[in-house]
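Spelled out, the chains give:
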Amino acid sequence: MTPHAHQTVDISLAERSYPILIGDGLLHSAGTFAALPRGNTALVVSNTTVAPLYSARLKSALAGRYERVIELALPDGESFKHWETLNLIFDTLLAHTCDRKTVLFALGGGVVGDMTGFAAASYMRGVPFVQVPTTLLAQVDSSVGGKTGINHPLGKNMIGAFYQPQMVVCDIGLLSSLPKREVSAGLAEIIKYGPIADMDFLAWIEANMPPLVALQPDAVTHAVRRSCELKAWVVGQDERESGLRAILNFGHTFGHAIEAGLGYGEWLHGEAVGCGMVMAATLSQRLGLVDAGFVERLTRIIEAAGLPTRGPLLATADNAGRYLALMRNDKKAEAGEIRFVLIDGPGRAVMRPAPDALVREVIDACCV
Ligand code: NAD
Ligand code: GLY
């Protein structure tokens, strides 16, 4: 079969470099996977929602390349992103005597992708894996860059590894079955790239919100491509987040507190990030880094994407104190000091601490 027309963005990381393929209908073509090493076994890891929709399509595209294509459907949801679910992947690999040339395919959103990547990083100390992201969020962010892992009850994505895939296949046709709420969640991670790195892209998003929300193919292809280019630019310079890569966490410090504080799965990750960006932008403004007009504009764009812009109450007695306690568990915190990704003038991000009293003011101002 001939490969479908597609665009390619390259992640340049020396021997860990790989392509991101972006196009409509990529899963219909065996040629999409032509560059992958051949092997005896492929394991398609998906979940109970996505597998019935797309795993037959992927398995048929892989059939000529691997002697065995086996499949595992994990329980669906952020609340299952933990050790017990991860172990189901190892159980399957071992029960089928999978060797170290086995290739894992993550077919799903960020939850499946993060867990499959972590399983690939640790099974027999590392087997190849491919990301086939099926949510907008996963296509523009989580499938790219090699962050893999699971949650701990005390903190989001606290256990994991940096481990790069062999390839990322973004078939935008798969997004047509995505619930509206998930489309909005993906838009949050797309919007994120504007204030931290590319204000022209933010203006394009602002002007193209209706076609984006409606998943119009040209608009989605452009948004996925530009997001992946910006992520490739960041990851290519700082794969293991010793500095620059932290800017991709704009909105995530507040957002992770919302996710953990409400219980994983209550708010979607993208919803928490959208609201977290409003809070981080407000903190940037209170520190004199951006003006109120910038915060208002960003808030309007986030709202237009169908995302919440007011933070939830995490505690009735001392809500700000609860946010602060949760944020001290953030991976960017150092010796208990929270480090925020802030906007230091539109299009430029910095990471720095902020006085607790000011953060409290921002939380009080931004929560319902
Ligand atoms: P998700 O994986 O939970 O998917 C969202 C929902 O959509 C699920 O119910 C899923 O089954 C369903 N779904 C997926 N594809 C579908 C399709 N095509 N049609 C219909 N339903 C479909 O959530 P997500 O937003 O994709 O990812 C969030 C996760 O990604 C979080 O755990 C977050 O921590 C992680 N993440 C990781 C990185 C990274 O760099 N590794 C970056 C951002 C987010
Ligand atoms: N999503 C943040 C990162 O990949 O670094």
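Residues numbered from 1 in each chain as written. Chains lettered and ligands numbered in written order. Predicted model: local features only at pLDDT ≥ 70, side-chain atom pairs only at ≥ 80, totals over all residues. Heavy atoms only, no water.

Let's talk about the packing of helix α10 (residues 269–286) against helix α13 (residues 356–366)
1) Next: Two elements in contact, α10 and α13, have axes whose closest approach is 10 Å; the angle formed by their N-to-C orientations is 130°. Between α10 and α13, the angle is such that the two are oblique. Where α10 crosses over α13, the two elements pack in a sense that is right-handed. Here α10 contributes Met279, Thr282, Leu283 and Arg286 to the contact with α13, which in turn contributes Leu358, Val359, Glu361, Val362, Ile363, Ala365 and Cys366.
2) Next: Its residues placed into classes, the contact of α10 with α13 shows eight nonpolar, one polar and two charged. (Axes fitted to C-alpha atoms, helices over the stretch in contact; angles between N-to-C directions. Helix = DSSP H or I, 4+ residues; strand = E, 2+ residues; numbered from the N terminus. Parallel < 35°, antiparallel > 145°, perpendicular 65-115°, else oblique. Left-handed = near helix turned anticlockwise from the far one by under 90°. Contact = heavy atoms within 4.5 Å. Nonpolar A, V, L, I, M, F, W, Y, C, P; charged D, E, K, R; others polar.)

Looking at the site of ligand 2
1) Next: Every residue close to ligand 2 is listed here: Asp141, Lys147, Lys231, Glu241, Arg245, Leu248 and Asn249.
2) Next: Contact between ligand 2 and aspartate 141: a nitrogen atom at 3.1 Å from a side-chain N or O atom of the residue.
3) Next: Measuring from an oxygen atom of ligand 2, one finds a side-chain N or O atom of arginine 245 at 2.7 Å.
4) Next: Considering ligand 2 on its own, with 200 Å² of exposed area, one finds that the protein chains cover 90% of that surface.
5) Next: In terms of residue class, the shell around ligand 2 is made up of one nonpolar, one polar and five charged. (Near = heavy atom within 4 Å. Polar contact = N/O pair within 3.5 Å; in protein donor to acceptor, adjacent residues only side chain to side chain. Areas by Shrake-Rupley, 256 points an atom, 1.4 Å probe, with all protein chains shown as cover.)

Description of the pairing of strand β3 (residues 39–47)
1) Next: For β3, a buried count of eight out of nine residues is recorded, marking the element as mostly surrounded by other parts of the structure.
2) Next: Relative to strand β4 (residues 66–74), β3 runs parallel, the two being bridged by eight bridges. If you follow valine 45 over to β4, its bridge partner there is leucine 72.
3) Next: Between the parallel pair β3 and β4, the chain is carried across by helix α1 (residues 51–62), and the sense of this crossover is right-handed.
4) Next: Two strands pair when backbone bridges link them, and β3 and strand β5 (residues 103–108) are joined in this way by four bridges, in the parallel orientation. Pairing of alanine 42 across the sheet is with valine 103, part of β5. (Buried < 20%, exposed > 50% of the residue type's maximum accessible area, 1.4 Å probe, protein only. Pairing = 2+ DSSP bridges. Right-handed = clockwise from strand over helix to strand, strands pointing away.)

Brief notes about the side chain of threonine 221
1) Next: Relative to the assigned elements, threonine 221 resides in helix α8 (residues 217–237).
2) Next: One polar contact links the side chain of threonine 221 to the main-chain carbonyl oxygen of proline 217, over a distance of 2.7 Å.
3) Next: Among residues more than four places away in sequence, those in contact with threonine 221 are Gln7, Ile22 and Ile172.

Observations concerning helix α2 (residues 83–95)
1) Next: Its 13 residues place the ends of α2 18 Å apart at the C-alpha level, agreeing with the 18 Å of an ideal helix rising 1.5 Å per residue.
2) Next: Among the residues making up α2, those that are buried are Thr85, Leu86, Ile89, Phe90, Thr92 and Leu93. Along the long axis of α2, the arc covered by the buried residues comes to 160°, so they all point the same way. Opposite the packed face of α2, turned more than 90 degrees from it, sit the exposed residues Glu84, Leu94 and Ala95. (Expected span 1.5 Å × (residues − 1). Arc of directions from axis to C-beta.)

Topic: the packing of helix α5 (residues 180–197) against α10
1) Next: Two numbers describe how α5 lies on α10: the axes approach to 7 Å, and their chain directions differ by 45°. The orientation of α5 relative to α10 falls into the category oblique. Where α5 crosses over α10, the two elements pack in a sense that is left-handed. Residues Arg181, Ala185, Ala188, Glu189, Ile191 and Lys192 of α5 pack against His269, Gly270, Glu271, Val273, Gly274 and Met277 of α10.

Description of the nonpolar core
1) Next: Counting residues in each nonpolar core, the largest one holds 81 residues, and the members touching the most others are Leu136, Ile191 and Met327.
2) Next: One finds Leu43, Ala106, Met115 and Phe129 within the second-largest nonpolar core, a separate group that totals 22 residues. (Core = buried A, V, L, I, M, F, W, Y, C linked by side-chain atoms within 4.5 Å.)

Brief notes about the site of ligand 1
1) Next: Looking at ligand 1, there are 28 residues lining it, with Glu78, Gly110, Thr134, Thr135 and Ser177 nearest.
2) Next: Valine 111 places a polar main-chain atom, nitrogen or oxygen, 3.0 Å from an oxygen atom of ligand 1.
3) Next: At a separation of 2.9 Å, a nitrogen atom of ligand 1 approaches a polar backbone atom of lysine 147.
4) Next: Notes on ligand 1: free accessible area 870 Å², of which the protein chains cover 91%.
5) Next: Those elements that provide at least two residues to the shell around ligand 1 are α1, α3 (110–122), α4 (136–142), β8 (155–162) and α5.
6) Next: For the shell around ligand 1, the class distribution of residues is eight nonpolar, ten polar and ten charged.

Quick look at the packing of aromatic side chains
Pairs of aromatic rings are described using the distance from one ring centre to the other and the angle between the two planes.
1) Next: As enumerated under the stated definition, the model contains six aromatic pairs in all.
2) Next: For the pair tyrosine 66 and phenylalanine 105, a centre-to-centre distance of 5.9 Å together with 75° between the ring planes defines the contact as edge-to-face. With tyrosine 66 in strand β4 and phenylalanine 105 in strand β5, this residue pair connects regions lying 39 residues apart in the sequence.
3) Next: Residue classification places phenylalanine 105 among the buried residues on the basis of a relative accessible area of 0%.
4) Next: Geometrically, the ring pair formed by tryptophan 83 and phenylalanine 118 is tilted, given 6.3 Å between the ring centres and 50° between the ring planes. With a gap of 35 residues between them, tryptophan 83 in helix α2 and phenylalanine 118 in helix α3 connect regions that are remote in the sequence. (Phe/Tyr/Trp six-rings, centres within 6.5 Å; stacked < 30°, edge-to-face > 60°.)

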